[in-house]
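# Secondary and tertiary structure notes
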Amino acid sequence: MNDKKNYGFTTTILHNDRLKGIEHGSLHKPVHTSVAFGYADARQLASVFQGKEPGFRYGRQGNPTISALEDKVNKMEQGVGTLCFATGMGAIGAVFQGLLRAGDHVVSSSFLFGNTNSLWQTTMAQGVGVSFVDATDVANVEAAITGQTRVVFVETIANPRTQVADLQRIGELCKARGILYIVDNTMTTPYLFRPKSVGAGLVVNALTKSIGGHGNALGGSLTDTGAYDWTSFPNIYENYKKVAPAQWGLAQIRAKGLRDFGASLGPEAAHHIAVGAETLALRMERTCANAQALAEMLEADERVAAVHYPGLASHPQHGISSELFRKHGSLLSFELKDGIDCFDFLNRLKLAIPASNLGDTRTLVIPVAHTIFYEMGAERRASMGIAESLIRVSVGIEDTDDLLDDFACALEAC
Ligand SMILES: *Cc1c(COP(=O)(O)O)cnc(C)c1O
């Protein structure tokens, strides 16, 4: 197998390790657990430390098992470099730790993963201004930009209300203004969508979710797509300008966000995620088909007040979703009619499990306002379009009929 040919998505992931020559002809990249890496020549150790030659030094900044996963994610996103982190939040936190300074300003979608929202509150307390906007319309993003704006941050399909950001136009705006555009691709994954195609400079993936895919390992990644010109970013320290400009951002994030911040991915988790990633495309096809069928069934049910899924013609961004994404994702949310208790409904489900994760092989459900969005309070929930009865469904790969039956029976019993 050679590196040149343009293999498809799954073939590339399956065979990527082999291209680098795996130890002992092993078919999986082995799990390297050593924290330190020794050198026979002390000068070589020094030169690795000084970045003059490649190599591993201490596990917090990387290890061969992590590198193999980074390379796979990088291929999936077609980036110029990828770093892995202990969790998705570790990856997002590293951006702020590594790239922002007091006095900077960020424009963020207000339709955000709850913990990212919480992280923004922390960065605000540390002197970074954040404007939250409805990112389904580029005009709102444009109106919020100031002379201090360093980053625009959006999710592809927002969790849990499934709003789709105006991805293409925001990319054009950021390019025209020289602003770093960061897209959290967790809900779509690089199988459904590559943010690079709309000009994103950095791409976040919570590997915990669909890429790992089995709910058995936490992880996160940041990919530099090469679309952003780091020479126009004012916060790069001289130390990290010794590499090619395309690598400045990741060099600084590796040092500030990973080495100093310490949210490093463990090798065992990296192995689980790498194995899970082999079937990403197969699982996404199945979960997206299941989600579409479930969304259609729920929308037709008179006991359901609203269904939010980009694959429905009634979804406000159905057009953009159809244009940009291969399928519409595995996440949907819905509201029951007044008088139906969401806890009663959830307790009647036999297959779908009340649990707080996404992108697992099993279908998971959660009452949003009472759990993951509880801390932010009713007012902010309302501003994010989160109804008190909203139920989020992370659709799994169960047989479609079984899944539809489960929801139909639970509704019937209500
Ligand atoms: C889960 C999630 C994260 C955080 O990932 P963790 O691995 O749980 O830290 C970030 N963004 C989105 C959109 C997510 O769904």
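Heads up: the structure comes first, above all this text.
A quick note: this is a predicted structure, and the numbers were derived from the prediction, not measured. (Residues numbered from 1 in each chain as written. Predicted model: local features only at pLDDT ≥ 70, side-chain atom pairs only at ≥ 80, totals over all residues. Heavy atoms only, no water.)

## A short note on the site of the ligand
Near the ligand lie 14 residues; those nearest to it are G88, M89, D184, T208 and K209. Between K209 and the ligand, the recorded distance is 2.8 Å, taken from a side-chain N or O atom to an oxygen atom. Burial of the ligand by the protein amounts to 93% of the accessible area it has alone, namely 380 Å². In terms of residues, the shell around the ligand owes the most to one element, helix 4 (residues 88-99), which gives three residues. (Near = heavy atom within 4 Å. Polar contact = N/O pair within 3.5 Å; in protein donor to acceptor, adjacent residues only side chain to side chain. Areas by Shrake-Rupley, 256 points an atom, 1.4 Å probe, with all protein chains shown as cover. Helix = DSSP H or I, 4+ residues; strand = E, 2+ residues; numbered from the N terminus.)

## Topic: the packing of aromatic side chains
Where two aromatic rings form a pair, the distance of their centres and the angle of their planes describe that pair. Going through the model one piece at a time under the given rule, you end up with 13 aromatic pairs. Look at F9 and Y191: their rings are 5.3 Å apart centre to centre, the planes differ by 65°, and that puts the pair in the edge-to-face class. Of this pair, F9 sits in helix 1 (residues 9-19) while Y191 sits in helix 8 (residues 189-192); the two residues are 182 residues apart in sequence, bridging distant segments of the chain. F9 sits in the buried class, given a relative accessible area of 15%. Assessed through its relative accessible area of 9%, Y191 is described here as buried. Between the aromatic rings of F345 and F407, the centroid separation amounts to 6.2 Å while the plane-to-plane angle is 50°, which identifies the pairing as tilted. Of this pair, F345 sits in helix 13 (residues 342-348) while F407 is found in helix 15 (residues 400-413), placing the two residues 62 residues apart along the sequence. Accessibility assignment for this pair places F345 and F407 in one class, buried. Grouped by ring-pair contacts, the aromatic residues F96, W120 and F153 constitute a single cluster. Lying across the ring of F49, R57 places its NZ or CZ 5.1 Å from the centre. (Phe/Tyr/Trp six-rings, centres within 6.5 Å; stacked < 30°, edge-to-face > 60°. Buried < 20%, exposed > 50% of the residue type's maximum accessible area, 1.4 Å probe, protein only. Lys NZ or Arg CZ within 6 Å of the ring centre and 35° of its normal.)

## Quick word on the nonpolar core
With 38 residues, the main nonpolar core has L99, F153, L180, L202, W230 and I253 as its most contacted residues. Within the residue set of this core, elements represented by two or more residues are strand 1 (81-85), helix 4, helix 5 (114-125), strand 4 (149-155), strand 5 (180-184), strand 6 (202-206) and helix 9 (248-260). For this core, the element with the most residues is helix 4, which contributes six residues. Both domains that furnish three or more residues to this core are identified here as domain 1 (9-101 + 144-154 + 167-277) and domain 2 (281-413). Ignoring anything within four residues of it in the chain, the contact list for L99 reads A94, D104, L180, L202, W230, F233, N235, I236, G249, Q252 and I253. (Core = buried A, V, L, I, M, F, W, Y, C linked by side-chain atoms within 4.5 Å. Domains from an automatic or database assignment. Contact = heavy atoms within 4.5 Å.)

## Details of the sheet that holds strand 8 (residues 304-308)
Spatially, 8-9-12-11-10 is the arrangement adopted by the five strands of the open sheet, whose pairing is mixed. Across the chains shown, the open sheet's two edge strands, defined by having one partner strand only, are strand 8 and strand 10 (353-354). When strand 9 (residues 331-336) meets strand 12 (residues 390-394), the two strands line up antiparallel, connected through five bridges. Of the residues in strand 12, the one forming a bridge with L331 is S394. (Pairing = 2+ DSSP bridges.)

## Looking at the pattern of salt bridges
The full count for this structure, using the stated rule, is 16 salt bridges. For D360, the salt bridge goes to R362, with nearest N and O atoms at 3.0 Å. Through salt bridges with shared partners, a single network forms among K20, D71 and K75. (Salt bridge = Lys/Arg side-chain N within 4 Å of Asp/Glu carboxyl O.)

## Considering the side chain of R161
Along the chain, the position of R161 falls in the loop between strand 4 and helix 7 (167-177). Of the side chains bearing the opposite charge, E335 lies closest to the buried R161, which forms no salt bridge; the N-O distance is 4.6 Å. At 3.2 Å, the side chain of R161 forms a polar contact with the side chain of H308. The contact partners of R161, leaving out residues within four places of it in the chain, are H308, H315, S333, M384, G385, I386 and L390. (Lys, Arg positive; Asp, Glu negative; His and termini not counted.)

## Some words on the sheet that holds strand 6
Reading across from one edge, 1-7-6-5-4-2-3 is the order of the seven strands in this open sheet, with mixed pairing throughout. Because the sheet does not close on itself, it has two edges, and the strands there are strand 1 and strand 3 (129-133). Strand-to-strand twist across the sheet, computed as the mean angle between neighbouring axes with direction ignored, equals 20°. Bridging between strand 2 (residues 105-109) and strand 4 involves four bridges; their strand directions are parallel. In the strand pairing of strand 4, V106 is matched with V151. In the packing of helix 4 onto the sheet, the strands contacted are strand 1, strand 4, strand 5, strand 6 and strand 7 (220-224), and the crossing angle to strand 7 comes to about 50°. (Axes fitted to C-alpha atoms, helices over the stretch in contact; angles between N-to-C directions.)

## Points about the side chain of S109
When you line up the elements, S109 lands in strand 2. Non-local contacts of S109, meaning those with residues more than four positions away in its chain, are made with F132, V133, A135, F153 and V154.

## Concerning the pairing of strand 12
Across the five residues that make up strand 12, a large majority, five, are buried. Alternating positions in strand 12 separate into two faces, L390, R392 and S394 on one and I391 and V393 on the other, with burial throughout. Here strand 11 (residues 364-367) pairs with strand 12 via four bridges, running antiparallel. When the sheet's bridge partners are listed, L364 is paired in strand 12 with S394.

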